[in-house]
Amino acid sequence: MKSSENVVKGRFAPSPTGRMHLGNIFTALISWLSAKSAGGRWVLRIEDLDPQRSRMEYARQIEDDLLWLGLEWDEGGIADGYLQSRRHGLYEKALARLEATGLTYSCYCTKADILATQAPHASDGRVIYPGTCRGRKAESDDAPHSVRLMVPDSEIAFTDAVFGSRSINLARECGDFVLRRADGAWAYQLAVVVDDADMGITQVVRGCDLLDSCAQQIYLCSLLGYESPRYVHLPLVCNSVGVRLGKRDASLSMDTLRRDFTPQQLIGRLAAMAGIIETERPVTPQQLAEEFAIGRIAKTERIIC
Ligand code: GLU
């Protein structure tokens, strides 16, 4: 018998900020298949960190859509309380451990302060924090501030199961990053690392827009003494003009898709898009699990649907 440490545990971690679209369910399907084809377990975690944009009704709708598709989770979801809004105590403890390393500091910069420091030619929208508040004396606790983590000026190397070897220097490519925002909200990077470790996740499958986040997450894992999961990043599903699908692409939202397709037809369409089957045909997730291999997923950043 396999020891529990060898069991693959995957997860799907949607943010409940709208109805899912074709891109979201593409990630859900591949994540489910990666776990199930390895005889593993699949966890559903609702990432409702952003109180302004998250809604419980969307979380319920996500569950309903996953069940309609036949993507059942073994653990998590609303009934098990796997919602980030209920896990602040864990993030608090992790932050205290990071503070104890001496690598965190209070940052009083506003967004405008930081933007004003950026090079005029920075056209990719990436904002690199220049370390303004590093080494600055902390003001009173009442002054609004975020908490940042100092990053090393060295390469963090990792291997993604789809995109291969990557290496990222956080000092050059992102700068000291936020763990808790000035409004008290927890940063995604901290919450995701704490949750994946706490839930025993061994493999993270998600869109390749988050590929560069791996370096921050691996760095956090090393400081907190967690083993990093295996990373599997997927091409982003884009509309016919090559733009990544968003919650506003109504024609590809689950609302419309559930009217136009049966669950098996939709699963077949996603599988053909991913390259798991050659010709689109109605199929169940269980049938696909028998022929699934990560190696079949197209190594491209975008899939046009
Ligand atoms: N909550 C994130 C999203 O919906 C996913 C984060 C992750 O998978 O690490 O885009």
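Here is a short report on the structure shown in this document. (Residues numbered from 1 in each chain as written. Predicted model: local features only at pLDDT ≥ 70, side-chain atom pairs only at ≥ 80, totals over all residues. Heavy atoms only, no water.)

### Here we look at the packing of helix H6 (residues 188–198) against helix H7 (residues 213–224)
Following both chains from N to C, one finds H6 and H7 inclined at 55 degrees, their axes separated by 10 Å at the closest point. Relative to H7, the element H6 is oriented oblique. With respect to the hand of their crossing, H6 and H7 are arranged in right-handed fashion. Where H6 approaches H7, its residues Tyr188, Gln189, Leu190, Val192 and Val193 are matched on the opposing element by Ser213, Gln216, Gln217, Leu220, Cys221 and Leu224. Taken together, the residues of the contact of H6 with H7 sort by class into seven nonpolar, four polar and no charged. (Axes fitted to C-alpha atoms, helices over the stretch in contact; angles between N-to-C directions. Helix = DSSP H or I, 4+ residues; strand = E, 2+ residues; numbered from the N terminus. Parallel < 35°, antiparallel > 145°, perpendicular 65-115°, else oblique. Left-handed = near helix turned anticlockwise from the far one by under 90°. Contact = heavy atoms within 4.5 Å. Nonpolar A, V, L, I, M, F, W, Y, C, P; charged D, E, K, R; others polar.)

### Focus on the packing of aromatic side chains
The full count for this structure, using the stated rule, is three aromatic pairs. Considering the side-chain rings of phenylalanine 12 and tryptophan 42, the 6.2 Å spacing of their centres and the 15 degrees angle between planes classify their relative orientation as stacked. Within this pair, whereas phenylalanine 12 is found in strand S1 (residues 9–12), its partner tryptophan 42 is found in strand S2 (residues 41–44), the two being separated by 30 residues in sequence. Phenylalanine 12 gets classed as buried once you look at its relative accessible area, which sits at 6%. (Phe/Tyr/Trp six-rings, centres within 6.5 Å; stacked < 30°, edge-to-face > 60°. Buried < 20%, exposed > 50% of the residue type's maximum accessible area, 1.4 Å probe, protein only.)

### Regarding the sheet that holds strand S8 (residues 177–180)
Note on sheets: strands pair through backbone hydrogen bonds, and any given pair is parallel or antiparallel. Strand order in the open sheet formed by three strands is S4-S5-S8, with antiparallel pairing between adjacent strands. The open sheet is flanked by strand S4 (104–107) and S8, the only strands paired with a single partner. Strand-to-strand twist across the sheet, computed as the mean angle between neighbouring axes with direction ignored, equals 45 degrees. Relative to strand S5 (residues 146–149), S4 runs antiparallel, the two being bridged by four bridges. (Pairing = 2+ DSSP bridges.)

### Side note on the site of the ligand
All residues in the neighbourhood of the ligand are listed as Arg11, Ala13, Pro14, Ser15, Glu47, Tyr188, Val192, Arg206 and Leu210. Within the backbone of alanine 13, a nitrogen or oxygen atom sits 2.8 Å from a nitrogen atom of the ligand. For the ligand, an oxygen atom lies 3.0 Å from a polar atom in the side chain of arginine 206. Contact with the protein chains hides 76% of the accessible area of the ligand, taken as 300 Å² for the molecule alone. When the residues that make up the shell around the ligand are grouped by side-chain class, the tally is five nonpolar, one polar and three charged. (Near = heavy atom within 4 Å. Polar contact = N/O pair within 3.5 Å; in protein donor to acceptor, adjacent residues only side chain to side chain. Areas by Shrake-Rupley, 256 points an atom, 1.4 Å probe, with all protein chains shown as cover.)

### Observations regarding the environment of alanine 274
Among the secondary structure elements, alanine 274 is positioned in helix H9 (residues 263–274). With a relative accessible area of 1%, alanine 274 lands in the buried category. Along the chain, alanine 274 and isoleucine 303 lie 29 residues apart, while their C-alpha atoms are 8.1 Å from each other. In this structure alanine 274 touches Phe26, Ile30, Arg296, Ile297, Ala298 and Ile303, once residues within four positions along its chain are discounted.

### Some details on H6
Here H6 lies mainly inside the structure; eight of its eleven residues are buried. For H6, the set of buried residues is Gln189, Leu190, Ala191, Val192, Val193, Val194, Asp195 and Asp196. Contacts made by the buried residues of H6 are with S1, helix H3 (88–100), S8, strand S9 (203–207) and H7. One or two steps after H6, the chain reaches glycine 200, where phi turns positive at roughly 70 degrees.

By themselves, these figures tell us nothing about what the structure is for.
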